[in-house]
Amino acid sequence: MSQDPQSPQTPAHWQQTDRLATMGILTAGVAHELNNPIGYILSNLTSFQLYLPVFQQYFSLLQQIADCDDATARQELRQQLAVLQQQENLQLLLEDTQSLLADSVQGALRVRDLVLDLRRFSHPDHAEFQLLEFKPLLNMALRLTRNELKTHMTVSQDTGPDPLWLQGQPAALTQLLVNLLLNASQAIGPTAGQLRISTTQLDNWLQVCIEDSGPGIADEVLPHIFTPFFTTKAAGTGTGLGLSICQAIVQKHQGDISVSRSELGGAAFTLRFPASNAPQCERC
């Protein structure tokens, strides 16, 4: 009997369940990541609020000097302007304002990118595949998991300068990468560890390897790691869907996923996808 595509037991439902569970893990970390730029944006704006009356007073004096026809009054205004410049160090305030605004813009862009990343991750893909550049998806997954990785893991990337193209669904591929990054983080645990990510194109295949310095996967566990609901994690810390969802996403993209022992000591997950040609504008 064929499965009903709307049945709650289909892999599509499992994928959405896993996505929601992963969002629960990511949300706290993303909230923490949002708090940092929002904090210094507020601090910068508070400083600018203190500077603004000084600038207003300065420009008001300049305007009064320009409009004044009385030489004595104009001289008094110039003296007030000189006192203000000496007291407030306007040049320093202007330089600091430039820095405050530049930092605030960068912070706002960081907030925007994190919100967009979370929105894209949570949004189910349409059925159609599209031509994608892989490295932006990887960068998005790293931004989403940054709080889970940064406290105890050293992350290194060997992704090369050239773009890598494939046909795929962006949210599904991001979910795949997020799952593997979180899996590596959980395998290493709270102790210091290493995570290494490498990408390359071999003939007509795009290859991605995600390695960690965790304890690795025991031989007796290895045959079961892609089985739905199989998990070695403590109760309440995993659904057992993560790696089975990874396999389903890779297979849906006509690729394959394998696991081996990493030179770092832990597990090395290798993904392979059919590579696509760059869009025509990339060759112009």
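As the structure is a prediction and not an experimental result, all values here were calculated from the model. (Residues numbered from 1 in each chain as written. Predicted model: local features only at pLDDT ≥ 70, side-chain atom pairs only at ≥ 80, totals over all residues. Heavy atoms only, no water.)

Chemist: Can you tell me about the environment of Cys68, naming the residues and giving the values?
Modeler: With respect to the helices, strands and loops of the structure, Cys68 is situated in the loop between helix 1 (11–67) and helix 2 (71–88). Of the residues examined, Cys68 reaches a relative accessible area of 15% and is grouped as buried. (Helix = DSSP H or I, 4+ residues; strand = E, 2+ residues; numbered from the N terminus. Buried < 20%, exposed > 50% of the residue type's maximum accessible area, 1.4 Å probe, protein only.)

Chemist: Quick one: what's the story with the pattern of salt bridges, residue by residue and with numbers?
Modeler: Opposite charge on two side chains lets them pair, provided their charged atoms get close. Using the criterion set out here, one finds four salt bridges in the structure. In this structure, the salt-bridge partner of Arg196 is Glu263, at a minimum N-O distance of 3.6 Å. Linking Arg196 in strand 4 (residues 193–202) with Glu263 in the loop between strand 6 (256–261) and strand 7 (267–274), this pair joins segments that are 67 residues apart in sequence. Note that Asp256 is salt-bridged to Arg272, the shortest N-O span being 3.4 Å. Here Asp256, found in strand 6, pairs with Arg272, found in strand 7; they are 16 residues apart in sequence, far enough to count as distant. For Asp256, a relative accessible area of 29% translates into the label partly exposed. Look at Arg272 and you get partly exposed, because its relative accessible area is 26%. Among the charged side chains, a salt-bridge network with shared partners connects Arg196, Glu211 and Glu263. (Salt bridge = Lys/Arg side-chain N within 4 Å of Asp/Glu carboxyl O.)

Chemist: Help me get a handle on the sheet that holds strand 5 (residues 205–212), residues and values and all.
Modeler: Spatial ordering of the open sheet is given by 2-4-5-7-6, a layout of five strands whose pairing is mixed. Looking along the sheet, the strands with just one partner apiece sit at the ends: strand 2 (153–158) and strand 6. Each strand axis lies, on average, 15 degrees off the axis of its neighbour in the sheet, ignoring direction. Pairing of strand 6 with strand 7, which is carried by six bridges, proceeds in the antiparallel orientation. (Pairing = 2+ DSSP bridges. Axes fitted to C-alpha atoms, helices over the stretch in contact; angles between N-to-C directions.)

Chemist: Go over the packing of helix 4 (residues 134–144) against helix 6 (residues 170–188), please, and point to the residues and values.
Modeler: Where helix 4 contacts helix 6, the axes come no closer than 9 Å and their chain directions differ by 50 degrees. Judged by the inter-axis angle, helix 4 sits oblique to helix 6. Note on packing geometry: the crossing formed by helix 4 with helix 6 is right-handed. Residue-level contacts link Phe134, Leu137, Leu138, Met140, Ala141, Leu142 and Leu144 of helix 4 to Pro170, Leu173, Thr174, Leu177, Val178 and Leu181 of helix 6. Taken together, the residues that form the contact of helix 4 with helix 6 break down as twelve nonpolar, one polar and no charged. (Parallel < 35°, antiparallel > 145°, perpendicular 65-115°, else oblique. Left-handed = near helix turned anticlockwise from the far one by under 90°. Contact = heavy atoms within 4.5 Å. Nonpolar A, V, L, I, M, F, W, Y, C, P; charged D, E, K, R; others polar.)

Chemist: Would you mind going over the packing of aromatic side chains in detail, with residue names and values included?
Modeler: All chains considered together, the criterion is met by one aromatic pair. Ring centres of Tyr58 and Phe59 lie 5.5 Å apart, and the angle between their planes is 75 degrees; this geometry places the pair in the edge-to-face category. Given a relative accessible area of 54%, Phe59 falls into the exposed group. The ring of Trp205 has Arg272 lying over it, and the distance from NZ or CZ to the ring centre is 4.2 Å. (Phe/Tyr/Trp six-rings, centres within 6.5 Å; stacked < 30°, edge-to-face > 60°. Lys NZ or Arg CZ within 6 Å of the ring centre and 35° of its normal.)

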